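Okay, here's what each chain looks like letter by letter:
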Amino acid sequence: MDSSFPNISSTLLGELPKETWWASDHYNWEGFWFASSRLSPVMAARSNFQASNDDVFLTSSIKTGTTWLKAIIPTIMNPKGRKNDDTDDPLLKHHPNDLMPSLELQLFKDNPNPDLTAMPSPRLFRSLVPYPLLPESVKNSACKIVYITRDPKDVFVSMWHFMNSWTCTIGQGPWKMNEAFESFCRGVHAFGPFHDHVLSYWKESLRRPEKILFLRYEDLKKDPKVQLKKLASFLGRPFAKEEEVEKVLWRCSLERLKTLEVNQNGVDPWLGIPYKLYFRRGIVGDWENNITEEMKERLDQVTRMKFEGSGLDF
Ligand code: A3P
């Protein structure tokens, strides 16, 4: 373990349930799975992060379309983001990861107490932790949380392509799809179980709709303008004109972001992941091209069982 994080002893680590996910040890802490390198930052952020009332948080489980919102939210919050002049668009030079820094993957990754006071207000953050593990100040302040989720079958397929492409770039072979699928159905994956993650935010969003906006990737794809207007109003930045909505949508579109130099050739300095891997097909229902009917039935059954009585379905 990183010695700058003395709070996780090897004894604690040894006591946590352990599984292997994409050739890396993952530990179950408080009901959720984390790579050992993520545990300390998650714990440090939970203890030490102080939210401000005007912070905005983007939260999600992995591979749910977060990158789209990492582009959209900063563009909505930037007074110039909806204007016509493209020359000073931060997306031209930055991957969306840089515009909404992650608590556990960036800010607290190597420092249990980073000084975030110099960040311009309103500060924009993201996190992959489930609702119960968010810092208390995030839950108790007036800051806003936007949550995005997606059909678990498409999440699995997106994860499968992303993880294999990434691990192949670092010399590991692909993980067998049936093993990765079993693991996903059992909830064993980074920041999983997926279904428990989704439920944690869903329930809280029903209780406090002014605090948490619960979005689905499928709705964003189907009716992007309606969803963008809802999001902008939730963030206190409603659109004045239809052209503004169109501008933000175009700026943050997969087609545009995919072709930008920074995203074609850049590499995430925190994770070593080529930026281009964050942009793939971006369609609804790609699971049909990737998993068998039997796998579909199995995962749908897990989803039905987990979401029963919650009002959520896919
Ligand atoms: P696919 O793998 O199905 O193509 P995350 O951003 O949470 O890691 O999720 C990744 C998924 O979001 C990928 O889905 C990716 O293609 C899609 N995505 C990334 N940027 C997007 C954008 N600007 N618009 C729509 N989808 C996007």
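Let me begin by describing the structure that accompanies this report.

Conventions and cut-offs
Residues numbered from 1 in each chain as written. Predicted model: local features only at pLDDT ≥ 70, side-chain atom pairs only at ≥ 80, totals over all residues. Heavy atoms only, no water. Salt bridge = Lys/Arg side-chain N within 4 Å of Asp/Glu carboxyl O. Helix = DSSP H or I, 4+ residues; strand = E, 2+ residues; numbered from the N terminus. Buried < 20%, exposed > 50% of the residue type's maximum accessible area, 1.4 Å probe, protein only. Phe/Tyr/Trp six-rings, centres within 6.5 Å; stacked < 30°, edge-to-face > 60°. Lys NZ or Arg CZ within 6 Å of the ring centre and 35° of its normal. Pairing = 2+ DSSP bridges. Axes fitted to C-alpha atoms, helices over the stretch in contact; angles between N-to-C directions. Contact = heavy atoms within 4.5 Å.

## Side note on the pattern of salt bridges
Opposite charge on two side chains permits pairing when their charged atoms draw close. A complete count under the given rule lists 22 salt bridges for this structure. Across the pair Asp55 and Arg123 runs a salt bridge whose closest N-O atoms are separated by 2.8 Å. Separated by 68 residues along the polypeptide, Asp55 in the loop between helix H2 (36-48) and strand E4 (56-60) and Arg123 in the loop between helix H5 (103-107) and strand E5 (124-127) bring together distant segments of the chain. Here Asp55 matches Arg123 in class, with each residue buried. With its nearest N and O atoms 2.8 Å apart, the salt bridge here joins Asp286 to Arg280. With a relative accessible area of 3%, Asp286 lands in the buried category. For Arg280, a relative accessible area of 29% puts it in the partly exposed group. Taken together, the salt bridges that share partners define one network made up of Asp86, Asp89, Lys247, Arg251 and Arg256.

## Some thoughts on the packing of aromatic side chains
Taken as a whole and judged by the stated rule, the model has 20 aromatic pairs. Consider the rings of Phe57 and Phe125, whose centres lie 5.3 Å apart with planes at 35°: the pair is tilted. With Phe57 in strand E4 and Phe125 in strand E5, the pair connects residues that are 68 residues apart, well separated along the chain. With relative accessibility at 0%, the residue Phe57 sits in the buried group. Where Tyr131 meets Tyr201, the ring centres are 5.7 Å apart and the plane angle is 80°; that geometry is what we call edge-to-face. With Tyr131 in the loop between E5 and helix H6 (136-140) and Tyr201 in helix H9 (residues 194-207), the pair connects residues that are 70 residues apart, well separated along the chain. Tyr131 sits in the buried class, given a relative accessible area of 9%. For Tyr201, a relative accessible area of 0% puts it in the buried group. Over the ring of Tyr217 we find Arg150; its NZ or CZ atom is 4.1 Å from the centre of that ring. Here the basic side chain of Lys153 rests over the ring of Trp287, its NZ or CZ set 5.0 Å away from the ring centre.

## Observations regarding the sheet that holds strand E3 (residues 32-35)
Strand order in the open sheet formed by three strands is E1-E2-E3, with antiparallel pairing between adjacent strands. With one partner strand each, in any of the chains shown, strand E1 (18-21) and E3 form the two edges of the open sheet. When the angles between neighbouring strand axes are averaged without regard to direction, this sheet yields 40°. Taken together, the four bridges between E1 and strand E2 (residues 24-29) define a ladder with antiparallel strand orientation. When the bridges of E2 are listed, Thr20 appears paired with Asp25.

## Some points on the environment of Ser158
Summarising the element assignment, Ser158 is placed in helix H7 (residues 152-169). On the accessibility criterion, Ser158 (12% relative accessible area) is buried. Sequence spacing of Ser158 and Ile62 is 96 residues, and the spatial spacing of their C-alpha atoms is 9.2 Å. In contact with Ser158, not counting residues within four places along its chain, are Lys63, Arg150 and Arg280.

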